[in-house]
Amino acid sequence: MAAPVFEAQDLELAWGDLKVAEGISLAVGAGETVCIVGRSGCGKSTLFHALAGLGKPVSGRVLLHGEDITGVPGRVSYMLQKDLLLPSRSILDNAALPLVLRGVDKRAAREKARELFATFGLEGTEDLWPAQLSGGMRQRAALLRTYLMDNDVVLLDEPFSALDAITRVELRRWFAKMIGELGLSALVITHDVDEAIDLASSAYVLDGNPRKGVVTHISDEIAIDAANSDAARGRMLEALSLS
Ligand SMILES: Nc1ncnc2c1ncn2[C@@H]1O[C@H](COP(=O)(O)OP(=O)(O)OP(=O)(O)O)[C@@H](O)[C@H]1O
Ligand SMILES: [Mg+2]
């Protein structure tokens, strides 16, 4: 891998007294998509919360281009597990929100967001409400909003999991292409092994069950390429105990 653009070094994570994970180290290279897989409740969203700077890890560091950003929000773009579009704002205003929050004038924010609607396959939806969009379109709108947070690293928490199988495959292929065109590096949580194979050049497997006292750690790191995709799929399924 080229020098990593984004790194976690030996993170320990907790919610109050609940120790969730320890020894979490990972790296994302420029232009790479890296997946995080692991069973429900093991701490994937908790990890993203810390990587996005929304909470401080108990110990360890988060580095962006080598700079320590541990506990600093806003330096990487983050799409939450639920798309959370605001129901009473138009798609255009939802997309423009990160710019407005940064202090960009509303009209300029709308213009900048509007320019990207075609790129994100959302042309014609500018004035609709979120409820008027299909699930796939809502996810595109959430991805556009995440993109407008304007960082070169994006963290996406199960971005396609709420979609039907066909839309999911379509959207992730589109996403893989987009991410390259936009020059982003991505860390993507998924439950779907095929999704990891399709999107990522490597995957980290998280294993543990903090509620049962088993602190989560990284149990495997799997390189993925066309030549080894069957072996990589097998290793991930085994790690998820689904084989
Ligand atoms: N805000 C919170 N306060 C206290 N505990 C939390 C909080 N969020 C998550 N937890 C606990 O941390 C552990 C990890 O939860 P987390 O949501 O990170 O799992 P996950 O791997 O993302 O699961 P899923 O695949 O179902 O989304 C769980 O035991 C959960 O109950
Ligand atoms: Mg989660």
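Since the structure is predicted, the reported quantities are computational estimates derived from the model, not experimental observations. (Residues numbered from 1 in each chain as written. Chains lettered and ligands numbered in written order. Predicted model: local features only at pLDDT ≥ 70, side-chain atom pairs only at ≥ 80, totals over all residues. Heavy atoms only, no water.)

Draft legend 1. Fine view of the site of ligand 1. Looking at ligand 1, there are 15 residues lining it, with Ser40, Gly41, Lys44, Ser45 and Thr46 nearest. Taking Ser40, its side chain carries an N or O atom lying 2.6 Å from an oxygen atom of ligand 1. Between ligand 1 and the protein, one listed contact pairs an oxygen atom with a side-chain N or O atom of Thr46 at 2.5 Å. Within the complex, 68% of the 630 Å² of free accessible area of ligand 1 lies under protein. Broken down by class, the residue content of the shell around ligand 1 amounts to four nonpolar, seven polar and four charged. (Near = heavy atom within 4 Å. Polar contact = N/O pair within 3.5 Å; in protein donor to acceptor, adjacent residues only side chain to side chain. Areas by Shrake-Rupley, 256 points an atom, 1.4 Å probe, with all protein chains shown as cover. Nonpolar A, V, L, I, M, F, W, Y, C, P; charged D, E, K, R; others polar.)

Draft legend 2. The pairing of strand β10 (residues 214–223), seen in detail. Pairing of strand β9 (residues 202–209) with β10 involves seven bridges; the strand directions are antiparallel. When the bridges of β10 are listed, Asn209 appears paired with Val214. Hairpin remark: β9 followed by β10, antiparallel, with four residues in the connecting loop; positive phi at Gly213, about 85°. (Pairing = 2+ DSSP bridges. Helix = DSSP H or I, 4+ residues; strand = E, 2+ residues; numbered from the N terminus.)

Draft legend 3. Representation of the domain arrangement of the protein within the structure. Per the domain assignment, the segments of the protein are domain 1 (1–76 + 152–243) and domain 2 (82–150). Measuring from the centre of the C-alpha atoms in domain 1 to the corresponding centre in domain 2 gives 25 Å. Taken together, the contact between domain 1 and domain 2 spans 13 residues of the former and 10 residues of the latter. In total, about 1,000 Å² of surface goes out of reach between domain 1 and domain 2, with carbon and sulfur atoms giving 76% of it. (Domains from an automatic or database assignment. Contact = heavy atoms within 4.5 Å. Buried area = accessible area lost by both parts, 1.4 Å probe.)

Draft legend 4. Main features of the nonpolar core. In this structure, Phe120, Leu143, Leu144, Phe175, Ile224 and Met236 are the most contacted members of the largest nonpolar core, which totals 45 residues. Excluding its chain neighbours within four sequence positions, the residues that come into contact with Leu143 are Met79, Phe120, Leu156, Phe160, Trp174 and Phe175. By size, the runner-up hydrophobic cluster in this structure holds 30 residues, among which are Ala8, Ala27, Ala50 and Tyr204. (Core = buried A, V, L, I, M, F, W, Y, C linked by side-chain atoms within 4.5 Å. Buried < 20%, exposed > 50% of the residue type's maximum accessible area, 1.4 Å probe, protein only.)

Draft legend 5. Main features of the pairing of strand β8 (residues 185–189). For β8, a buried count of five out of five residues is recorded, marking the element as mostly surrounded by other parts of the structure. Of the two faces of β8, the one lined by Ser185, Leu187 and Ile189 and the one lined by Ala186 and Val188 are each fully buried. Inspection of the sheet shows strand β3 (residues 33–38) paired to β8 by four bridges, in the parallel sense. Bridge pairing in β8 places Cys35 opposite Val188. Note: strand β7 (residues 153–157) against β8, five bridges, orientation parallel. When the sheet's bridge partners are listed, Leu155 is paired in β8 with Leu187.

Draft legend 6. Structural detail: the coordination of the magnesium ion (ligand 2). For the magnesium ion (ligand 2), the full set of protein donor atoms is Ser45 (OG) and Gln81 (OE1), at a range of 2.1 to 2.4 Å. Taken together, the residues Ser45 in helix α1 (residues 44–51) and Gln81 in the loop between β6 (77–79) and α2 (91–101) connect sequence positions 36 residues apart. (Donors = N, O, S within 2.8 Å, 3.2 Å for Na, K, Ca; no water.)

Draft legend 7. Spatial organisation of the pattern of salt bridges. All chains considered together, the criterion is met by 16 salt bridges. With its nearest N and O atoms 3.2 Å apart, the salt bridge here joins Asp192 to Arg168. Residue Asp192 is located in the loop between β8 and α6 (193–199), and its partner Arg168 is located in helix α5 (residues 165–182); the two are separated by 24 residues in the primary sequence. Overall, Asp192 belongs to the buried group, its relative accessible area being 18%. In this structure, Arg235 and Asp220 form a salt bridge, with 2.8 Å as the shortest nitrogen-oxygen distance. In this pair, Arg235 is assigned in helix α7 (residues 229–239) and Asp220 in strand β10, connecting sequence segments 15 residues apart. By relative accessible area, which is 19% here, Asp220 ends up buried. Salt bridges sharing common partners tie together Arg168, Arg172, Arg173, Asp192, Glu195 and Asp198. (Salt bridge = Lys/Arg side-chain N within 4 Å of Asp/Glu carboxyl O.)

Draft legend 8. Looking closely at the environment of Ile91. On the secondary structure map, Ile91 appears in helix α2. You can call Ile91 buried: its relative accessible area is 0%. Separated by 35 residues in the primary sequence, Ile91 and Glu126 have C-alpha atoms spaced 5.2 Å apart. Residue contacts for Ile91: discarding those within four places in its chain leaves Leu85, Phe117, Thr125, Glu126, Leu128, Trp129, Pro130, Leu133 and Ala141.

Draft legend 9. The packing of aromatic side chains, seen in detail. Overall, the coordinates contain four aromatic pairs when judged by the stated rule. Each ring, one from Phe120 and one from Tyr147, has its centre 5.8 Å from the other, and the planes form 40°; the classification is tilted. Linking Phe120 in the loop between α3 (106–115) and α4 (135–147) with Tyr147 in helix α4, this pair joins segments that are 27 residues apart in sequence. Phe120 gets classed as buried once you look at its relative accessible area, which sits at 3%. (Phe/Tyr/Trp six-rings, centres within 6.5 Å; stacked < 30°, edge-to-face > 60°.)

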